[in-house]
Number of protein chains: 2
Amino acid sequence: MAEIAVMGLGTVGTGVVKVISENAGVITRKLGEPLRVKAILVRRFRDGPYRHLCTDHFEEIQNDPAIRVVIETIGGVDAAYDYTKRCLEAGKHVVTANKQLIAERGFELLELAREKNVKYLFEASVGGGIPILHPLRECLSANRIDEIYGILNGTTNYILTRMVRTGAFFSDALREAQRRGYAEADPTADVEGIDAGRKICVLGDLAFGHQIDPEAVPMEGISKLSLRDVKIANRAGYRIKLLGRTLRLGPENGFEAGSRTAYVAPHLIPETMPIANVEDVFNAIVIRGNAVGDVMFYGRGAGEMPTASACVADAMECLSTRESVLSWSPDTSGFENPLKLRCRHYFRIEGSLTDAAMAFGQVEVLSEDGETAFLTEPVTGLDARKRSANLNILSCLRVLS
Amino acid sequence: MAEIAVMGLGTVGTGVVKVISENAGVITRKLGEPLRVKAILVRRFRDGPYRHLCTDHFEEIQNDPAIRVVIETIGGVDAAYDYTKRCLEAGKHVVTANKQLIAERGFELLELAREKNVKYLFEASVGGGIPILHPLRECLSANRIDEIYGILNGTTNYILTRMVRTGAFFSDALREAQRRGYAEADPTADVEGIDAGRKICVLGDLAFGHQIDPEAVPMEGISKLSLRDVKIANRAGYRIKLLGRTLRLGPENGFEAGSRTAYVAPHLIPETMPIANVEDVFNAIVIRGNAVGDVMFYGRGAGEMPTASACVADAMECLSTRESVLSWSPDTSGFENPLKLRCRHYFRIEGSLTDAAMAFGQVEVLSEDGETAFLTEPVTGLDARKRSANLNILSCLRVLS
């Protein structure tokens, strides 16, 4: 049994407790032992399913030798910094999603972790549940990293998507984001690019090996963006997205070797680039390595469960004493025929829509001029075969949905 | 000094030697010691820059205790299997990009590696240089993986992209792919879905923990795909892509708990899904976790340098005796003002195109009705500010390119 503590019971903290409980089976199998939340640090007690685990005494966590990992989800710098330091000093691993703390004091806390021979991990601080910091450090370690840019803030991307799709003004789109819980009552950190700025600092720190002072990073948000620009850009084949961007600089572009820069600002992006089509609350981060070229990581950059799942994975990494086992069972039983899967099917037939309807009932017609193309309702592949046995099939394809 | 051997000197093998030489600085810094290719196993000697490293005696590699890692880039099963086994038995770590070998005999070789207390790593076997297997195993370890699907073969995606863009027939698009070196003289493994099939087996093996027998996986390629279907699908708002797909099955969808399936087939994909817009030789893989939702990994799935960079990163992981150091220097010097970066700028001004041209010379006009919007040639941010000082600026944005 591996025991951990969670500090803070907001969105991410609650998600951590949920992920550990809902995915207990998976986690136990991978970790080799069950993972248990022993204590949750809160400022105020509230009723709820985790009430019995809550404490408002940090020392109970700090002084409990059974607690090997602490997941900090307090946010901000003050208390989070103090408690993190004390946990590391007490020889506990610490995991966090706190980009502000990492961007401002990360190098110092990492140094302390190294001294104490414990880990301080923060995969969830950038891109929520999207794996990005581990791949950057490990999988891309044979590359010289030249540039990283990304849509790092889901709230602003949601607002921009609304402005493009519905022609909403910034202020109206912001209110809609707030109604849906995507933006906070005080949206400053999101819409002024500060949240994205902290994240691009963390990415730049790791990519280039030097602290990037968030104070030195120009951060421009989307609050001054006008609907007129969105429309002009769209018509000209561009999308406007708020990007954080950090680059390695060198003599090849007129700078001193080993220098770097970072900033946050809205950009026009040619619509043919994959990142131009990242919509709603989704995030996407592009890493440019000199050998691999551009790789992009895409997913939900925020939210209770995605962010929490990255924190729990980090906690598992802290606890894993053995090499993570890379293997699988040679037992092939349990493999099912994929024709048993249900999905919509596309058919093109030589024949009429009446033939199609006779075989499949209601269909969605895609084309008819001499030949007939249509989409079925969801059916299994076996069923699709059986029902179409008397049709003169020119082609049959699955539809992904 | 860490010494390794490379087996095979085709595309990937050559790339491995190049990456190690070109990125020697980065690699030494991260590994803590220089990495050196001591021997390259070839069947036939050819002139070239690596001639002095080549040998056709496998035993020279097998019996050299200084060689700690062997990167196998032979491909296929026969010799690759035999040599891999003997290297592992000799206590050497082995790294490979060989999806066929992993899909067919991976579990057996992993078991042997475990017995011998060495590593057998194969990040490059799926998605070339795109980090995918490590993130799946580590970053997403707190998730129950429900599904993985992806565009796993760059050759077929290139062919499909040509068919859509230029209305080329399959056979003509294939010939063009061959001319450009994207398709082999015998394109069967690519166009019939066999290559994608091996990769989806590897992904399914890792995701679900059971060997998926490639023989049991229905693999359908794109050779029978007609231009007519491509056009009908396009008009209806779908893109046709060749997908490998593997799913966890269970009682919730009418199967026994713990069962799974996998297949390769062309699919209609709604154009609004990000994977629908993955074009040319690019790959993209979507992993669906029960906590994180969908995450997508995108990049060049093949090619000399991308695939090689993943092999070298795996070799570095094998060699790394210490914990990979997660830290950066607190020294913030070398941070440059991002306004020194050159890029095209978008301006919207109150004024005429003459004003724009006076300030920036040649510009690309985007709109003019009362107000004026245009794109400049690439200039630094500082220069853009200076030149636009006398303009009546309504908005100014950077263009990403």
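Model, not experiment: these values are computed from the prediction.

## Some points on the interface of chain A and chain B
Opposite the 112 residues of chain A that make contact, chain B presents 112 residues. For the pairing of chain A and chain B, the buried interface totals around 9,900 Å² over both sides, and the portion due to carbon and sulfur atoms is 64%. Contact with chain B buries surface across chain A, with Leu326(A), Trp328(A) and Leu400(A) losing the most and accounting together for 10% of the total. The tally of links between chain A and chain B comes to four salt bridges. As a salt-bridge pair, Arg348(A) and Asp229(B) come within 2.5 Å of each other at their nearest N and O atoms.

## Description of the nonpolar core
Residues Leu35(A), Leu203(A), Ile287(A), Leu35(B), Leu203(B) and Ile287(B) are the most contacted members of the largest nonpolar core, which totals 228 residues. Excluding its chain neighbours within four sequence positions, the residues that come into contact with Leu35(B) are Ala2(B), Ile4(B), Ile20(B), Ile27(B), Val312(B), Met316(B) and Leu319(B). Membership of the second largest hydrophobic core comes to 28 residues, among which are Leu400(A), Leu243(B), Ile275(B) and Phe282(B).

## A few points about the sheet that holds strand β1 (residues 2–7) of chain B
Residue and element names in this part refer to chain B. Reading across from one edge, β3-β2-β1-β4-β5-β6 is the order of the six strands in this open sheet, with parallel pairing throughout. Edge strands, defined here as strands with exactly one partner in the open sheet, are β3 (54–55) and β6 (120–121). Relative to strand β2 (residues 35–41), β1 runs parallel, the two being bridged by six bridges. Bridge assignment links Ala 2 to a residue of β2, and that residue is Leu 35. Strand contacts of helix α12 (residues 304–319): β1, β2, β4 (67–72), β5 (93–96) and β6, with the helix running at about 155° to β4, the strand carrying the most contacts.

## Some thoughts on the packing of aromatic side chains
Residues and elements named next belong to chain A. Tallying each qualifying case throughout the model produces 17 aromatic pairs over all chains. A ring pair is formed by Phe 360 and Phe 374, whose centres lie 6.0 Å apart and whose planes are at 55°; its orientation type is tilted. Of this pair, Phe 360 sits in helix α13 (residues 353–360) while Phe 374 is found in strand β15 (residues 371–375), placing the two residues 14 residues apart along the sequence. Of the two residues examined, Phe 360 and Phe 374, each falls in the buried class.

## Here we look at the pairing of β2(B)
Residues and elements named next belong to chain B. Burial runs high along β2: five of the seven residues are buried. Two elements, β2 and β3, share two bridges in a ladder whose sense is parallel. Bridge pairing in β3 places Ile 40 opposite Cys 54.

## Considerations on empty space enclosed by the protein
All chains considered together, the criterion is met by five cavities of 30 Å³ or more. Here the largest cavity is characterised by a volume of approximately 70 Å³. Around the largest cavity, the lining residues are Pro274(A), Asn277(A), Val278(A), Met296(A), Tyr298(A), Pro274(B), Asn277(B), Val278(B) and Met296(B). Residue composition of the lining of the largest cavity, by class: seven nonpolar, two polar and no charged.

## A short note on the sheet that holds strand β6 (residues 120–121) of chain A
One open sheet holds the six strands; their spatial order is β3-β2-β1-β4-β5-β6 (chain A), and the pairing between them is parallel. The open sheet has two free edges, formed respectively by β3 (54–55) and β6 of chain A, since each of these has just one partner strand.

## A short note on the pattern of salt bridges
Tallied over the full model, the rule gives 61 salt bridges over all chains. A salt bridge links Lys38(B) to Asp64(B), with the shortest nitrogen-to-oxygen separation between them at 2.7 Å. Remark: Asp64(B) occurs in the loop between α3 (58–62) and β4 and Lys38(B) occurs in strand β2; sequence separation between them is 26 residues. Note on Lys38(B): relative accessible area 28%, which makes it partly exposed. Among the ionic pairs, Glu279(B) bridges to Arg165(B), the shortest N-O distance being 3.2 Å. Here the residue Glu279(B) occupies a position in the loop between β9 (259–270) and β10 (282–289), and Arg165(B) occupies one in helix α7 (residues 154–166), the gap between them amounting to 114 residues. With a relative accessible area of 25%, Glu279(B) lands in the partly exposed category. The structure contains a network of salt bridges with shared partners spanning Arg144(A), Asp146(A), Arg248(A) and Glu252(A).

## Here we look at the side chain of His93(B)
By the secondary structure assignment, His93(B) is in strand β5. With near-sequence residues (within four places) excluded, His93(B) lies in contact with Arg68(B), Val69(B), Val70(B), Val118(B), Lys119(B) and Cys318(B).

## Regarding helix α11 (residues 227–235) of chain A
Residue and element names in this part refer to chain A. Inspection of α11 places Leu 227, Asp 229, Val 230, Ile 232 and Ala 233 among the buried residues, and these make up the whole buried set. Between the side-chain oxygen of the N-cap and the backbone nitrogen of Arg 228 there are 3.0 Å, and the N-cap of α11 in question is Ser 226. Looking one or two places after α11, you find Gly 237, whose phi comes out positive at around 90°.

## A few points about the relation of the copies chain A and chain B
With an RMSD of 0.0 Å, the fit of chain A onto chain B corresponds to turning through 180° and sliding 0.0 Å along the axis. As the rotation angle and translation indicate, the two copies are arranged about a two-fold axis. No C-alpha of chain A lies nearer the rotation axis than that of Phe297(A), which sits 2.4 Å from it. A high fraction, 100%, of the interface residues of chain A reappear at the interface in chain B, so the copies pair face to face through one surface.

## Section: the pairing of strand β1 (residues 2–7) of chain A
All names here are of chain A. Where burial is concerned, most of β1 is hidden: six out of the six residues are buried. Relative to strand β4 (residues 67–72), β1 is paired through five bridges, and the arrangement is parallel. Residue pairing in the sheet places Glu 3 in a bridge with Ile 67 of β4.

## A few points about the packing of helix α5 (residues 99–116) of chain A against helix α10 (residues 194–208) of chain A
All names here are of chain A. One can describe the packing of α5 onto α10 by two numbers: an axis separation of 9 Å at closest approach and a directional angle of 50°. The pairing of α5 with α10 is recorded here as oblique in orientation. Crossing hand, α5 versus α10: left-handed. Between α5 and α10, the residues in contact are Lys 99, Gln 100, Ile 102 and Ala 103 and Asp 195, Arg 198, Lys 199, Cys 201, Val 202 and Asp 205, respectively. Grouping the constituent residues of the contact of α5 with α10 by class yields four nonpolar, one polar and five charged.

## A few points about the side chain of Ser395(A)
Turning to its location among the elements, Ser395(A) is positioned in strand β17 (residues 393–399). In this structure the side chain of Ser395(A) is engaged in a polar contact, spanning 2.8 Å, whose partner is the side chain of Asp229(B). In this structure, Ser395(A) is in contact with Tyr346(A), Phe347(A), Arg348(A) and Asp229(B), ignoring residues within four places of it in sequence.

## Thoughts on the confidence of the model for chain A
A residue-level look at chain A finds 99% of positions with pLDDT of 70 or above and a mean pLDDT of 94. With pTM at 0.94, the complex prediction returns an ipTM value of 0.94.

## Points about the packing of helix α1 (residues 11–22) of chain A against helix α12 (residues 304–319) of chain A
Residue and element names in this part refer to chain A. Where α1 meets α12, the closest approach of the two axes is 8 Å, and the angle between their N-to-C directions is 70°. The angle between the axes of α1 and α12 places the two elements in the roughly perpendicular class. In this structure, α1 meets α12 at a crossing whose hand is right-handed. On α12, the residues that touch Thr 11, Val 12, Thr 14, Gly 15, Val 16, Lys 18, Val 19, Ile 20 and Glu 22 of α1 are Glu 304, Met 305, Thr 307, Ala 308, Ser 309, Cys 311 and Val 312. In terms of residue class, the contact of α1 with α12 is made up of eight nonpolar, five polar and three charged.

Reading the values: the criteria
Residues numbered from 1 in each chain as written. Chains lettered and ligands numbered in written order. Predicted model: local features only at pLDDT ≥ 70, side-chain atom pairs only at ≥ 80, totals over all residues. Heavy atoms only, no water. Contact = heavy atoms within 4.5 Å. Buried area = accessible area lost by both parts, 1.4 Å probe. Salt bridge = Lys/Arg side-chain N within 4 Å of Asp/Glu carboxyl O. Core = buried A, V, L, I, M, F, W, Y, C linked by side-chain atoms within 4.5 Å. Buried < 20%, exposed > 50% of the residue type's maximum accessible area, 1.4 Å probe, protein only. Pairing = 2+ DSSP bridges. Helix = DSSP H or I, 4+ residues; strand = E, 2+ residues; numbered from the N terminus. Axes fitted to C-alpha atoms, helices over the stretch in contact; angles between N-to-C directions. Phe/Tyr/Trp six-rings, centres within 6.5 Å; stacked < 30°, edge-to-face > 60°. 1 Å grid on protein atoms, 1.4 Å probe; cavity = no way out; pocket = protein on both sides within 12 Å on 5 of 7 lines; lining within 4 Å. Points joined across faces, edges and corners; volume = space filled by probe spheres on them. Nonpolar A, V, L, I, M, F, W, Y, C, P; charged D, E, K, R; others polar. Polar contact = N/O pair within 3.5 Å; in protein donor to acceptor, adjacent residues only side chain to side chain. Least-squares fit on C-alpha atoms with pLDDT ≥ 70 in both. Parallel < 35°, antiparallel > 145°, perpendicular 65-115°, else oblique. Left-handed = near helix turned anticlockwise from the far one by under 90°. pLDDT = per-residue confidence, 0-100.

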